[in-house]
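Here is how the chains run, residue by residue.
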Amino acid sequence: MASLLQSRVPSSSSSLSSSSSGIQWRPSAALSSRPRRRIFTVQAKIREIFMPALSSTMTEGKIVSWIKSEGDVLSKGESVVVVESDKADMDVETFYDGILAAIVVGEGEVAPVGAPIGLLAETEDEIAEAKAKAKSTGSSSQSVPPPAASPPPPPPPPVSAAPLTPAAKVADGPRKIVATPYAKKLAKQHKVDINSLVGTGNFGRITPADIEAAAGIPPKKSAPVASVTLAAETAAPAPKASATTFPEIPGSTVVPFTTMQSAVSKNMVESLSVPTFRVGYPVATDALDALYEKVKPKGVTMTALLAKAAAMALAQHPVVNSTCKDGKSFTYNCSINIAVAVAINGGLITPVLQDADKLDLYLLSKKWKELVEKARAKQLQPNDYNSGTFTLSNLGMFGVDKFDAILPPGQGAIMAVGASKPTVVADADGFFSVKSKMLVNVTADHRIIYGADLAAFLQTFSKIVENPESLTM
Amino acid sequence: MQSMLSLSLSSPSSIPRSDPTIVADNVFFAGSSSSIVPRSLRLCGLRREVFGLQSSNASRIVAPSKPRRVNKVSASLSSNGSPSKFDYDLVIIGAGVGGHGAALHAVEKGLKTAVIEGDVVGGTCVNRGCVPSKALLAVSGRMRELQNEHHLKAFGLQVAAAGYDRQAVADHANNLASKIRSNLTNSMKALGVDILTGIGTILGPQKVKYGTDNVITAKDIIIATGSVPSVPKGIEVDGKTVITSDHALKLEFVPDWIAIVGSGYIGLEFSDVYTALGSEVTFVEALDQLMPGFDPEIGKLAQRVLINPRKIDFHTGVFASKITPAKDGKPVTIELVDAKTKGLKDTLEVDAALIATGRAPHTKGLGLENINVETQRGFVPVDERMRVIDAKGKLVPHLYCIGDANGKMMLAHAASAQGISVVEQVCGKDHVLNHLSIPAACFTHPEISMVGLTEPQAREKAEKEGFEVSVAKTSFKANTKALAENEGEGLAKLIYRPDNGEILGVHIFGLHAADLIHEASNAIAMGNRIQDIKFAVHAHPTLSEVLDELFKSAKVKVNISSAVGEAVAV
């Protein structure tokens, strides 16, 4: 029985730093012996006890009985509550000491997986506070906190909240809503409000097909054809790519994504929906290098220089700083926020230099230093990494001469900067000379930014870099 | 002529374990051997099986016994000195499974026997009950397997769309019923049982009328008239959209949505059939929980497997007070009233309603008033030996009642067992049937079976009589054969006395549970104790090992005579 009853500290200070405050409860089969485990103490005071997911198909659970009652002192390893899932009755035991301060979902009641069912206080002093909290959450205990991963479901007000939703669509007043047994089951499963639907079945009843349509599920009619559906799945491009399996190579290990890696993965897949194109441009860097040598002692980094240069160029080409949000319009951003891609602890994050065109080089450098420190300490606030309007990615320091970046969702363009290398150039008169040049390659959303726009932008950028005095002003 | 024919048919190979010459002796000279009819033919179910599978062989086996019976009867009549007092030794009113079982046993005991049947031979079980429903359930079981993509995938199988032809399914059920009916008829005819057609009425002691004006006398009479579906008041059965099991078995249509009133085993089996054929089902149950009558633990597990994941919902604690068939473009409406407050609770609108609230005895017109017997809610009152009790509480001599008509245990095989018990008594051997040893089964997928007491019943009895009760359980998940079939869902439960090892009840939910129960029911019937049967050997790997494990996991305190006696927990 490897599933977990999770309780978490009901504070809003959640950040990227995943589940450090999560508390795990361990259910055990009613008949099996209950091995005890050591726990680590958590500084949190009142914890919510959540309906555990006891099986992969469990969507809600029924409280068969509370073994403990309010005010009982719990010690780790004790069974606290018996939960009935779609598969079995399970004793659920706690890993933590504390006092069962309040029971939010009583015996015989049903709560969706993840909903709070009780509150656990650490000391007696907190019981009153917990009880007050229970009262406020009690009424809403039936509503489901939708799991973050699921795609936007229709608002889920089951059972108790049902009358709140206007049944205005139903024409003839208090007409009885009739849904078939399977339709009701599906509605519960997909959190579709039956009252908001108009049935298409016999006598106007709501059928399973109606629910599937409302939940956006492709109808899978009865008697599914195993082989045919299989073929269809593999033949279709299958953007979800869930069905594809790869041959397993013996001895390989599987490491699940961290939260950050999952976010990257999700963003990368999302980026596939944007039509992008790329434009490259060689930029002479002799002057920039000279400037860099001068300002380096003052704490200015190459990143700050490039960000400043890009910001100044963007100020002249606002379309490159714009975003296409709905596929129908340009969204011109009022500030120029340069996101800079940083590899960190096996992840990738893009701290943002806000208003990079307005801040001077030295302030920008200082700001950048702070951001990098914050990123290392995992203390970046959402605003620090998701407010970018244009992204800069620099692999030049690794000797990469040119590369191609993926446009992050929500932005118009990203600039990939290669290494600056001495290059033999012939001028108009046929004289050869050696100059340092770097290749920049911009990926842009072609729905809003066209080739000429990018070319003009790159020309401006190139001029700024080749005459970098303006950067210090 | 017939005996000559049967002699020529009864080649030596037909009775393999007997010397052919001795057999011939028996046939013609009515020797005292009683081993001509193979023992396996004694059980009703098995006999049908034999007939169905190898009818030509079977008729050869049975045929030789006919002359023997005639000879023997005449011998016995002359010996007891009252040869022509009665037309028959035994007359059975009703040729259902109970009457049939009694008739065959009576012939074996040398009684001159007749059955009176006013409808069709086979009764409810064969024509409108267990038999055709098993045909439908066989279809539903296969449909379930073919539709269970996940299950098939686990086997590595790929199957194209499973569909069905309703009429062909219905025909299968109907054909099975006719086949079993003709087997039953032939088996009685072959043994020389007279089948008298017409409605039987008791005119007085030992006197029966059948048809319009045929009167016969018999030394003993057995009432075996069975039952009909009971339809509560307020429910209008039209046979089309509001139906009973009688109509449902004809499978004239498969509704999109059917309400089943009653969640006993009839309702459960039909829910299995209808959901497999694509219907959605709503149960209406008057009691507070589904599947009353089953052991609560088994019921709970069964609900998880048979109800919750299927296209079924339910209303419990409500009566269907009024059901109106579909007409004028309106659906079937069912008014539900709260079982406690009697207030109107809800109204269902469905495509069809199946009334499966139980069965009522079929005892009207039997002439019971002629012998001063009053029925109780239609049932004929009997004592533990199935002897009929009259209105004054006295036994009516020479009159017995078996099967659904007495209401003791409304199961086909119970009726047959009661019939055999009565014949034993008629022949001078006292016999009391132990009803706690009669198994029952519900043929859902997977099946449910039980024998003896449920856990609450056992605990109540233990409280009263002051003994201890223990419970042992084993899971199908630990059984190799079940896992090979990918059918690990299941539980077997043993309720027993730890002080003496007596088996009080066994309940099984799982693959082939209906076939597995007999090891337990036989043990109860024979009075075997757990400490004895736990040494019985089971073939590996078979599902029967579920019971093997079950008996071995029981902890009996006495008579641990052997080193292996200590229970092995699994």
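Please read all numbers here as calculations on a predicted model, not as lab measurements.

K.L.:
What is the right way to look at unusual backbone geometry in this model?
P.N.:
Of all residues except glycine, most have a negative phi; of all peptide bonds, most are trans. Residues and elements named next belong to chain B. Going from H445 to P446, the amide bond is cis rather than trans, its omega being 0°. Turning to its location among the elements, P446 is positioned in the loop between β19 (440–442) and β20 (447–452). Geometrically, the link from H540 to P541 is a cis peptide bond, its omega value of -5° lying close to zero. In this structure, P541 sits in the loop between α18 (530–533) and α19 (545–553).

K.L.:
Help me understand the interface of chain A and chain B, please; the structure alone is not making it clear to me.
P.N.:
Interfaces are frequently sized by the accessible area removed from exposure as the parts join. Between chain A and chain B, the residue contacts involve 27 residues of the former and 29 residues of the latter. Carbon and sulfur atoms supply 51% of the area buried between chain A and chain B, which totals about 2200 Å² over both sides. Sorting the residues of chain A by area buried against chain B places P181, K185 and F203 of chain A first, and these three jointly supply 24% of that buried surface. Taken together, the connections running from chain A to chain B amount to two salt bridges. Across the contact surface, chain A and chain B share eight residue pairs in polar contact (both at pLDDT 80 or more). Contributing elements (two or more residues each) for the side of chain A that touches chain B: α2 (181–190) and α4 (226–235) of chain A. Per-element tally for the side of chain A that touches chain B: the top contributor is α2 of chain A, with five residues.

K.L.:
Looking at this structure, I do not really get the confidence of the model for chain B. What am I missing?
P.N.:
Interpreting fine coordinate detail is not advised for predicted regions of low pLDDT. Residues and elements named next belong to chain B. The predicted model of chain B averages 85 in pLDDT, with 83% of residues at 70 or higher. The secondary-structure element of chain B with the lowest mean pLDDT is helix α3 (residues 44–53), recorded at 38, while strand β23 (residues 503–510) shows the highest, at 97. Note on residues 1–83: pLDDT is under 50 here. Beyond four places in sequence and across chains, it has 71 contacts. Predicted confidence is poor over residues 561–570, with pLDDT under 50, and the contacts of this stretch with residues over four places away or in other chains come to 15 contacts. Here the prediction assigns the complex a pTM of 0.58, and the interface score ipTM is 0.73.

K.L.:
Explain the UniProt feature "binding site: NAD(+)" (unreviewed entry) in chain B to me, please; I cannot follow it from the model alone.
P.N.:
All names here are of chain B. Under the UniProt annotation, the feature "binding site: NAD(+)" (unreviewed entry) is placed at G262, S263, G264, Y265, I266, G267, L268, E269, E285 and G358. Positionally, S263 belongs in the loop between β9 (257–261) and α12 (265–276). Take S263: its relative accessible area is 1%, and that puts it in the buried class. Discounting chain neighbours no more than four positions away, the residues touching S263 are L268, F283, E285, L290, M291 and P292. Of note is the side chain of S263, whose polar atom sits 2.6 Å from the side chain of E285. Within the secondary structure layout, G264 lies in the loop between β9 and α12. Take G264: its relative accessible area is 25%, and that puts it in the partly exposed class.

About the thresholds
Residues numbered from 1 in each chain as written. Chains lettered and ligands numbered in written order. Predicted model: local features only at pLDDT ≥ 70, side-chain atom pairs only at ≥ 80, totals over all residues. Heavy atoms only, no water. Helix = DSSP H or I, 4+ residues; strand = E, 2+ residues; numbered from the N terminus. Contact = heavy atoms within 4.5 Å. Buried area = accessible area lost by both parts, 1.4 Å probe. Salt bridge = Lys/Arg side-chain N within 4 Å of Asp/Glu carboxyl O. Polar contact = N/O pair within 3.5 Å; in protein donor to acceptor, adjacent residues only side chain to side chain. pLDDT = per-residue confidence, 0-100. UniProt positions renumbered as here; feature names shortened; annotations may be inferred. Buried < 20%, exposed > 50% of the residue type's maximum accessible area, 1.4 Å probe, protein only.

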